[in-house]
Amino acid sequence: EGNIAGALGRVTGLSVVGSGYVYVRGLGDRYSLALLNGLPLPSPEPLKRVVPLDLFPSSVIASSLVQKSYSANYPGEFGGGVINLTTKAVPRDPFLSISFGMSGDSETTGNLGYTYYGSKADWTGFDNGQRDIPPALSAFFASGDRISSGTVNTSAIAAQLITGRNSAVQRWQNLPPNFSGSISGAKSWDIGSVNLGVIAAAGYSNRWSSRQPHQQRSLSADLSTIESDFLGLNTDNRSVLNGLLGLGLEFGENKIRMTNVYVHDTVKQARLSTGRQNQTAVDYMRQNTGWYERQLFSTQAVGEFKLGSDISLDLRGSYANSKRKAPYEIYFEYLRTNSAADPLGQFFVNRLNNGNGGDARVTFSDLNEDLWSAGADLSWKAAEGITLTSGAAFTDTQRTSSRRQFQFLAPGICEGVPTVVSSCLPSGVTLLRPDYLLAPSVVDTFKISLVESDEGNPAFLAKLRNLAGYGKFNWQIVDTLNLDAGVRYEWAKLSVDPIQVFKIPGAATTGALQKKAYWLPAATVTWEFKPQMQFRISGSKTIARPQFRELINQPYYDPESNREYRGNPLLIDSQLYNGEARFEWYFASQQRFSVAGFFKKIDNPIEAFLNSSFITSYANAPSAKLYGAEVEVQKQFELAE
């Protein structure tokens, strides 16, 4: 396979979802953990936990370990399993690989889609400055004032926000094909008794994707009435630039590797939908434009040392930074009354009066996360067949998240201008497309203002500090019986607190503070009752902590699911009790048969739910039980000559 996501897709119980996200046993984002050289690797999409593994070409990976049964040397947040990728330290043979590709699909390529201009550089995934915060809004942010105070000149801010570049949705009759390119290479040098290796990879892809969501909402328990029914078309243009640079040293039986990873992942989205709501004959048309720019940088150092014939020491440390910027998430809603009594009944209009006769909003989101981690493992072959291992790990994560949403409002009364449905805008103005409707001249003439939708919760600071230590042993009791057992102790402090944005503090949402410690035991017994046949049974206790995005009481929009989410600061940890039994038969070289069954009991699982405002949030359910089975057969057949 060209990348690790494709290779792991061949492993039983693993599934590749979306753009290279690998889930273990179908348990989704929350219960899947990816490590790089034993160290945590944050996702370039900080709203997710898993990393898109299609970013890693298989040529730079020495091994990939998939473990579905917990053992104490792995982080306690272990649900479905862990995927640990190990990069090559010193390549045995030099290589250079270059590839280019084009692709398409029947639903997107050559078909109708939507887009907006943005800037000439959008195809690269990098903004060229067109989406910088305008001067009036930047000055407002710096002032610490509140719009609700009545002292802010919001018309001056509103006049600088909407342009033809960021709000005019355009029809594209024939969407172009996808294209991608990658290069990877490696070389090593012998310098005396030291072997030095360099390995590097870079890739770029540009892909188009169209979806036609049909979204319906109902407030009745039996779904007999539909309050909202919309059919839309979403077009995403995703640009990904990724790079990896690794340096390795080998001397004797010792290895040192440094690995640097960079990912820049951007989605440019345009959406248009039409529908009805509240069981009326009024047609609504909604349009959205968005720019979601994600970036990840990670640097890490790992050392593997032999301290004699019976002792080995592994040391590791890393720093990672991830960012997410979503400037100018723009939403417009026009309506058509279809009423003969309305002079404009056959036209879509936007009166900018808070959704009663049209609506317009713009949102600016910014997220930054720093992750420091370190760990050490010491193994000692204490006696024939007995290996003792102990270790410690530390992680410190800090995230700042801000979201400022503004709604445009036309005043109800304007001198000398006839009013229509409580709006002072003349009929001709309400027919204008977004960039003309909110052009500086229109904003100034009709005194269109701004309201900040969520002054109480504009910014948060979230922290997670985790200290862990473990001990385990592997005992080959007899030639056919092995026991691997251990226990891990984890202590964590998790906090989420509002950041004071305004000079005069307001009634902000209460933060969250949790301090928890756990003993997490694990044991696996393997019995080789016949040559090439073995039976394995394991049991463990693990945990699942709520993620930052689930705790922060702040709305955010997920462009993949087309849903709005809001966190819940009252969430608590889930505790998992895991059991598994597996039979394996290796009946020939590279040929096998295996069957397994597993069971998980989860206390306080975190589940998503939809509230009365149709915003997805999270809550702890009392408990859950999960049963599963896996069967795998690999058989080779010789082809007749």
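Quantities reported herein were computed from a predicted structural model and do not represent experimental measurements. (Residues numbered from 1 in each chain as written. Predicted model: local features only at pLDDT ≥ 70, side-chain atom pairs only at ≥ 80, totals over all residues. Heavy atoms only, no water.)

**Observations regarding the overall build of the protein**
Then comes step 1: A count of helices and strands for the protein gives eight helices and 30 strands.
Then comes step 2: Here the protein has a C-alpha radius of gyration of 28 Å; the compact-globule value for 641 residues is 26 Å, and the two agree.
Then comes step 3: For the protein, the proportion of its 641 residues judged to be buried stands at 48%.
Then comes step 4: Long-range contacts, defined here as pairs at least 24 residues apart, represent 71% of the contacts in the protein between residues at least 6 apart.
Then comes step 5: On the protein, roughly 29500 Å² of surface is accessible, and the fraction owed to carbon and sulfur atoms is 56%. (Helix = DSSP H or I, 4+ residues; strand = E, 2+ residues; numbered from the N terminus. Rg over C-alpha atoms; globule rule 2.2 N^0.38 Å. Buried < 20%, exposed > 50% of the residue type's maximum accessible area, 1.4 Å probe, protein only. Contact = heavy atoms within 4.5 Å. Areas by Shrake-Rupley, 256 points an atom, 1.4 Å probe, with all protein chains shown as cover.)

**Quick look at the pairing of strand 24 (residues 555-558)**
Then comes step 1: Side chains Pro555 and Tyr557 project from strand 24 onto one buried face, and the interleaved Tyr556 and Asp558 project onto a second face that is buried too.
Then comes step 2: Connecting the antiparallel pair strand 24 and strand 25 (residues 563-566) is a turn made up of four residues, with Asn562 showing a positive phi of about 60 degrees. (Pairing = 2+ DSSP bridges.)

**Quick look at empty space enclosed by the protein**
Then comes step 1: For the structure on display, the rule yields five cavities of 30 Å³ or more.
Then comes step 2: If you go around the largest cavity, you meet 17 residues; those closest to its centre are Leu47, Leu367, Ser401, Gln554 and Tyr556.
Then comes step 3: Counting only elements with at least two residues in the lining of the largest cavity, the list comes to strand 16 (311-336), strand 17 (359-383), strand 18 (386-409), helix 8 (548-551) and strand 24.
Then comes step 4: Among the elements that take part in the lining of the largest cavity, strand 18 stands out by supplying four residues, more than any other.
Then comes step 5: Within this model, the second largest cavity holds a volume of roughly 100 Å³.
Then comes step 6: Lys68, Ser69, Asn578, Gly579 and Glu580 are the residues nearest the centre of the second largest cavity, which is lined by 14 residues in total. (1 Å grid on protein atoms, 1.4 Å probe; cavity = no way out; pocket = protein on both sides within 12 Å on 5 of 7 lines; lining within 4 Å. Points joined across faces, edges and corners; volume = space filled by probe spheres on them.)

**Focus on the environment of Lys503**
Then comes step 1: In this fold, Lys503 is placed in the loop between strand 21 (481-498) and strand 22 (512-530).
Then comes step 2: Lys503 has contacts with Ser143, Gly144 and Asp145, leaving out every residue within four places of it along the chain.
Then comes step 3: Looking at Lys503, its side chain comes within polar contact range of the side chain of Asp145, at 3.0 Å. (Polar contact = N/O pair within 3.5 Å; in protein donor to acceptor, adjacent residues only side chain to side chain.)

**Focus: the pattern of salt bridges**
Then comes step 1: Within this structure, the stated rule accounts for 33 salt bridges.
Then comes step 2: Here Asp265 ties to Arg238 by a salt bridge, and the two come within 2.6 Å at their closest N and O atoms. One end of the pair, Asp265, is in strand 14 (residues 254-277); the other, Arg238, is in strand 13 (residues 228-251), with 27 residues separating them in the sequence. As far as the burial class goes, Asp265 and Arg238 line up, both buried.
Then comes step 3: Asp366 serves as the salt-bridge partner of Lys325, at 3.2 Å between the closest nitrogen and oxygen. Taken together, the residues Lys325 in strand 16 and Asp366 in strand 17 connect sequence positions 41 residues apart. (Salt bridge = Lys/Arg side-chain N within 4 Å of Asp/Glu carboxyl O.)

**Considering the packing of aromatic side chains**
Then comes step 1: Taken as a whole and judged by the stated rule, the model has 19 aromatic pairs.
Then comes step 2: Between the aromatic rings of Phe140 and Phe141, the centroid separation amounts to 5.9 Å while the plane-to-plane angle is 45 degrees, which identifies the pairing as tilted.
Then comes step 3: Using a relative accessible area of 23% as the deciding quantity, one classes Phe141 as partly exposed.
Then comes step 4: A ring pair is formed by Phe599 and Tyr627, whose centres lie 5.1 Å apart and whose planes are at 45 degrees; its orientation type is tilted. With a gap of 28 residues between them, Phe599 in strand 27 (residues 591-603) and Tyr627 in strand 30 (residues 623-634) connect regions that are remote in the sequence.
Then comes step 5: Among the residues examined, Phe599 registers a relative accessible area of 29% and is labelled partly exposed.
Then comes step 6: For Tyr627, a relative accessible area of 61% translates into the label exposed.
Then comes step 7: Taken together, the ring pairs in this structure connect Trp527, Phe529, Phe583 and Phe593 into an aromatic cluster.
Then comes step 8: A cation over a ring is seen here: Arg131 above Trp291, with NZ or CZ 3.8 Å from the ring centre. (Phe/Tyr/Trp six-rings, centres within 6.5 Å; stacked < 30°, edge-to-face > 60°. Lys NZ or Arg CZ within 6 Å of the ring centre and 35° of its normal.)

**Focus: a nonpolar patch on the surface**
Then comes step 1: Taken together, the side chains of Leu307, Ile311, Leu378, Trp380 and Leu388 present a nonpolar region at the surface, about 420 Å² in accessible area.
Then comes step 2: Position of Ile311 relative to the elements: it lies in strand 16. (Patch = residues over 30% accessible without salt bridge, like charges linked within 9 Å, V, L, I, M, F, W, Y side chains within 5 Å.)

**Description of the confidence of the model for the protein**
Then comes step 1: For the protein, the mean per-residue pLDDT works out to 89, and 96% of the residues sit at or above 70.
Then comes step 2: Of the regions scoring below 50 in pLDDT, residues 418-422 engages in ten contacts with residues more than four places distant in sequence or in other chains. (pLDDT = per-residue confidence, 0-100.)

**Digging into the nonpolar core**
Then comes step 1: Within the largest apolar cluster, 33 residues are counted, with the highest numbers of intra-cluster contacts made by Leu161, Leu352, Phe408, Leu438 and Ile448.
Then comes step 2: Of all the elements in the fold, those that place two or more residues in this core are helix 2 (135-143), helix 3 (154-158), strand 16, strand 17, strand 18 and helix 7 (440-446).
Then comes step 3: Among the elements that line this core, the one with the most residues is strand 16, at four residues.
Then comes step 4: Leu352 has contacts with Gly357, Gly358, Ala360, Phe408, Leu409, Ala410, Leu425, Leu437, Leu438 and Ile448, leaving out every residue within four places of it along the chain. (Core = buried A, V, L, I, M, F, W, Y, C linked by side-chain atoms within 4.5 Å.)

**Examining helix 2**
Then comes step 1: Where helix 2 is concerned, the buried positions are Ala136, Leu137 and Phe140. End-on, the buried residues of helix 2 take up no more than an arc of 95 degrees, which puts them together on one face. Pointing more than 90 degrees away from the buried face of helix 2 are the exposed residues Pro135 and Ala142.
Then comes step 2: Where helix 2 is buried, its residues contact helix 3, strand 17, strand 18 and strand 19 (449-452). (Arc of directions from axis to C-beta.)

**Digging into the sheet that holds strand 6 (residues 81-87)**
Then comes step 1: Read from one edge to the other, the open sheet built from four strands follows the order 4-3-6-5, with strand pairing classed as mixed. In this open sheet, the two strands that pair with only one neighbour each are strand 4 (39-40) and strand 5 (61-67).
Then comes step 2: Where strand 3 (residues 32-36) meets strand 6, five bridges bridge the pair, whose relative direction is parallel. Among the inter-strand pairings, Ser32 is bridged to a residue of strand 6, identified as Gly81.

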